[in-house]
2 protein chains.
Amino acid sequence: MSSIGKTVIVGVGLIGGSLAAAGRGTGRLGKVVGVGRSRANLETALHAHIIDEAASDPIAAVRDADLVVLAVPVDTSVELLRQIAAAVPTSCVLTDVGSVKVPIVEAAVELGVARRFVGAHPMAGGTSTGAAAADKDLFRGRTVVVTPTPDLDVTARELVCSLWQAVGADVLELEPELHDEAVAMSSHLPQMIASSLAALAAADPLHELIGRLTGRGFRDTTRIAMSDAAMWVAIARANRNYLVGAMDAFADLFSRVRDAVANGDEQALSALMHEAAAFRRTLERGRP
Amino acid sequence: MSSIGKTVIVGVGLIGGSLAAAGRGTGRLGKVVGVGRSRANLETALHAHIIDEAASDPIAAVRDADLVVLAVPVDTSVELLRQIAAAVPTSCVLTDVGSVKVPIVEAAVELGVARRFVGAHPMAGGTSTGAAAADKDLFRGRTVVVTPTPDLDVTARELVCSLWQAVGADVLELEPELHDEAVAMSSHLPQMIASSLAALAAADPLHELIGRLTGRGFRDTTRIAMSDAAMWVAIARANRNYLVGAMDAFADLFSRVRDAVANGDEQALSALMHEAAAFRRTLERGRP
């Protein structure tokens, strides 16, 4: 892949900032312009040499871009794509990093930019936010899902895929619907569960004592409850159908576990715990 | 506290082994005898100098003991207390480390050893098992709940509390019922949730893809699903009533979160996530 002349990253947060930092490290990014509403955050990115220029108007910034990365919350990215679609040069490749792919891919088709829009979702994140949290190694060894549509230009697809590979990620191509269904289970459901558990403990009359009696189990199970609420409300909205399906499936299985506990059906409880442990152990292999 | 002549630790696993290792480090334990069914595990403990002697018969081992620590699964510890109650010298102090306190405390009362039985529960653990996992720093900075009954001998209580303090733990005295209610929420419910989530993903037709698309969120939320199933089946049995109550409360709240997602009630979802995050953040303070 040749280097990219001008890259505009809209949203220089944990993901956008890390991609800028990691991409610059590979030498494949020429000029990098960061766009955002918080001047302080952009200053942080400038001082860290993650971006070369800071801008506040995405429409002006993308006019001569070769690559535009939408690294904003999922609801904002659809809105943003609508705003910039007519302003980007026809040769410019567009991509995003959102956790839900159907709405943005549908918007790209509707806006007539599907040929050069490459939906992407890096399976990486954290509870820290902003350019200060940028980490050039954030994507190393992680899976990045790319959701090409049938009419996607092959060079646009290659540009985005090779950029992710260059920053150390494994690229996995999926249909947008399949991505959204799978992440409802692998990512969005765990978030709802962790937040529900922490909220339940918080509302308990014994919450102080419960807090004192938490070990690593409670803390690990609820760690992601510290994630950004606004971001997750937007994800829940964007992936509502698959998420509700996953939540219903969980509620159904949890109710059977509850009955096994209540009725002393220890064989059923033990079988379920063994299946759970076996699956969970497969995730330990080769993970950072 | 003067040193304890002969300590018998029944069950030289992660908790029993770690208490032996940590206790020896304080110089407060004289002779330490480990009792267990697995000769290989006891050999590991002997080689690591965690115990001085290994024995297979708990009744014979406790005849001249000054302190007996029951560090076996919660169901086994009640059975074990019944077996040894008549064999221990009247001056011997008895304690345990089980995650559920009402059944063992009731057994101590019933067996006439309540005066010198000090129920205890260290809020520490891990997914590793056996003497090989023993860690002398396992209890440092952790809370250990002690559940004294009204007729508990003051010197027995002092002996057990000061031993836990000597190995770096913070001792918190609670009534057995209050302990069991609080840990149903802080420890036993998270286990059922983590196992349910991992089991749901395992049973999904997309389980391979889901596994590939898990980030740190899923993995943290389900880490304790790798815990020992047999131990947890016994805990669920011993704390059935409080655990079922906690599971019902969780199912109720989770169903409200599901409805908020399904109905697009973003205010409710956001409020809940903020409460959850605020509570969870309080657990970050001063924790290892």
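Trainee: How should the overall build of chain A be read in this particular structure?
Mentor: Scanning chain A for helices and strands turns up 12 helices and eight strands. Here the C-alpha atoms of chain A give a radius of gyration of 21 Å, agreeing with the 19 Å that 2.2 N^0.38 yields for 288 residues. The burial tally for chain A puts 55% of its 288 residues in the buried class. Long-range contacts, defined here as pairs at least 24 residues apart, represent 75% of the contacts in chain A between residues at least 6 apart.

Trainee: Can you help me understand the relation of the copies chain B and chain A in this one?
Mentor: Its rotation angle being 180 degrees, the transformation that places chain B on chain A also includes 0.0 Å of axial translation and leaves an RMSD of 0.0 Å. On this basis, the relationship between the two copies can be described by a two-fold rotation axis. Judged by C-alpha distance, Thr221(B) is the residue of chain B that lies nearest the rotation axis, at 1.9 Å. Interface residue correspondence from chain B to chain A reaches 100%, placing this contact among same-surface, isologous pairings.

Trainee: Teacher, can you tell me more about the packing of helix α7 (residues 176-203) of chain A against helix α11 (residues 240-262) of chain B here?
Mentor: A pair of packed helices can be characterised by two numbers: the angle between their axes and the separation between those axes. Across the interface, α7(A) lies against α11(B) with an axial gap of 10 Å and an inter-helix angle of 125 degrees. With respect to α11(B), the element α7(A) is oriented oblique. Both α7(A) and α11(B) take part in a crossing whose hand is right-handed. On α11(B), the residues touching Met192(A), Ser196(A), Leu197(A), Ala199(A) and Leu200(A) of α7(A) are Ala249(B), Phe250(B), Leu253(B), Phe254(B) and Val257(B). Partitioning the contact of α7(A) with α11(B) into residue classes produces nine nonpolar, one polar and no charged.

Trainee: Just checking my understanding: could you explain the interface of chain B and chain A for this structure?
Mentor: In many reports, interface size means the accessible area that the parts give up when they come together. In this complex, chain B contributes 80 residues to the contact, which on the side of chain A involves 81 residues. Mapped by element, the contributors of at least two residues to the side of chain B that touches chain A are β7 (143-147), α7 (176-203), α8 (207-212), α9 (216-222), α10 (229-238), α11 and α12 (266-282) of chain B. Ranked by residues supplied to the side of chain B that touches chain A, first place goes to α7(B) with 19 residues. Residues that form the side of chain B that touches chain A fall into these classes: 47 nonpolar, 19 polar and 14 charged.

Trainee: What's the story with the packing of helix α12 (residues 266-282) of chain A against α10(B) in this structure? I'm lost.
Mentor: Contact geometry of α12(A) with α10(B) gives a least axis separation of 9 Å together with a crossing angle of 140 degrees. When the axes of α12(A) and α10(B) are compared, the pair comes out oblique. Note that α12(A) runs across α10(B); the crossing there is right-handed. Seen from α12(A), the contacting residues are Glu266(A), Leu269(A), Ser270(A), Met273(A), His274(A) and Ala277(A); seen from α10(B), they are Ala229(B), Trp232(B), Val233(B), Ala236(B) and Arg237(B). When its residues are assigned to classes, the contact of α12(A) with α10(B) shows seven nonpolar, two polar and two charged.

Trainee: How do you make sense of the sheet that holds strand β8 (residues 170-173) of chain B when you look at a structure like this?
Mentor: Either a parallel or an antiparallel arrangement is found when strands of a sheet pair, and the pairing is made through backbone hydrogen bonds. All names here are of chain B. Across the sheet, eight strands lie side by side as β3-β2-β1-β4-β5-β6-β7-β8; this open sheet has mixed pairing. Because the sheet does not close on itself, it has two edges, and the strands there are β3 (53-55) and β8. Within the sheet, the average angular offset between the axes of one strand and its neighbour, ignoring direction, is 25 degrees. Strand direction decides the pairing type here: strand β1 (residues 4-10) and strand β4 (residues 67-70), joined by four bridges, are parallel. What sits directly across from Val 8, in β4, is Val 68. Contacting β4, β5 (93-96), β6 (117-122), β7 and β8, helix α6 (residues 154-166) crosses the sheet at an angle of about 20 degrees to β6.

Trainee: Just to check I follow, could you spell out the confidence of the model for chain A for this structure?
Mentor: If pLDDT is low for a region, its predicted coordinates should not be looked at in detail. Averaged over chain A, the pLDDT score is 95; the fraction of residues at 70 or greater is 98%. Here the predicted complex carries an ipTM of 0.91, next to a pTM of 0.91.

Trainee: Explain the sheet that holds strand β4 (residues 67-70) of chain A here, please?
Mentor: Residue and element names in this part refer to chain A. A sheet is described by the order of its strands in space; here eight strands give the open sequence β3-β2-β1-β4-β5-β6-β7-β8, paired in mixed fashion. Each edge of the sheet is formed by a strand with only one pairing partner; in this case those strands are β3 (53-55) and β8 (170-173). Each adjacent strand pair in this sheet contributes to an overall mean axis angle of 25 degrees, direction not counted. With four bridges connecting them, strand β6 (residues 117-122) and strand β7 (residues 143-147) associate as antiparallel partners. Each residue of the ladder has a partner; that of Ala 120, found in β7, is Val 146. Strands β1 (4-10), β2 (29-35), β4 and β6 of the sheet are contacted by helix α1 (residues 14-26), whose axis makes an angle of about 165 degrees with β2. Along the sheet, helix α6 (residues 154-166) makes contact with β4, β5 (93-96), β6, β7 and β8, crossing β6 at roughly 20 degrees.

Trainee: Quick question: what am I supposed to make of the nonpolar core here?
Mentor: One recurring pattern in soluble globular proteins is that nonpolar side chains are buried together. In this structure, Val68(A) and Val68(B) are the most contacted members of the largest nonpolar core, which totals 216 residues. Those residues within four positions of Val68(B) in sequence are excluded, and the remaining contacts are Val8(B), Val10(B), Val62(B), Ile84(B), Val88(B), Cys92(B) and Leu94(B).

Trainee: Sorry, what's going on with α12(B) here?
Mentor: Helical geometry: 3.6 residues make up each α-helical turn, so side chains three or four residues apart lie on a common side. Here α12(B) contains 17 residues, and its C-alpha end-to-end distance of 24 Å stays within 8% of the 24 Å for a straight helix at 1.5 Å per residue. Every buried residue belonging to α12(B) is among Leu269(B), Leu272(B), Met273(B), Ala276(B), Ala277(B), Phe279(B) and Arg280(B), and all of these are buried. Axial view of α12(B): buried residues confined to an arc of 165 degrees, hence all on one face. Seen from the open side of α12(B), the exposed residues pointing more than 90 degrees away from its buried face are Gln267(B) and Thr282(B). Elements that come into contact with the buried residues of α12(B) comprise α7, α8 (207-212) and α10 (229-238) of chain A together with α11 of chain B.

Trainee: Just checking my understanding: could you explain the domain arrangement of chain A for this structure?
Mentor: Residue and element names in this part refer to chain A. Here chain A is partitioned into domain 1 (4-174) and domain 2 (179-282). Measuring from the centre of the C-alpha atoms in domain 1 to the corresponding centre in domain 2 gives 31 Å. Taken together, the 14 residues of domain 1 in the interface contact 13 residues of domain 2. Every element with two or more residues in the side of domain 1 that touches domain 2 is listed here: α4 (74-84), α5 (102-110) and β7. Its residues placed into classes, the side of domain 1 that touches domain 2 shows seven nonpolar, five polar and two charged.

Cut-offs used in this document
- Residues numbered from 1 in each chain as written.
- Chains lettered and ligands numbered in written order.
- Predicted model: local features only at pLDDT ≥ 70, side-chain atom pairs only at ≥ 80, totals over all residues.
- Helix = DSSP H or I, 4+ residues; strand = E, 2+ residues; numbered from the N terminus.
- Rg over C-alpha atoms; globule rule 2.2 N^0.38 Å.
- Buried ≥ 20, exposed ≤ 12 C-beta atoms within 10 Å, placed from the backbone.
- Contact = placed C-beta atoms within 7 Å.
- Least-squares fit on C-alpha atoms with pLDDT ≥ 70 in both.
- Axes fitted to C-alpha atoms, helices over the stretch in contact; angles between N-to-C directions.
- Parallel < 35°, antiparallel > 145°, perpendicular 65-115°, else oblique.
- Left-handed = near helix turned anticlockwise from the far one by under 90°.
- Nonpolar A, V, L, I, M, F, W, Y, C, P; charged D, E, K, R; others polar.
- Pairing = 2+ DSSP bridges.
- pLDDT = per-residue confidence, 0-100.
- Core = buried A, V, L, I, M, F, W, Y, C linked by C-beta atoms within 7 Å.
- Expected span 1.5 Å × (residues − 1).
- Arc of directions from axis to C-beta.
- Domains from an automatic or database assignment.

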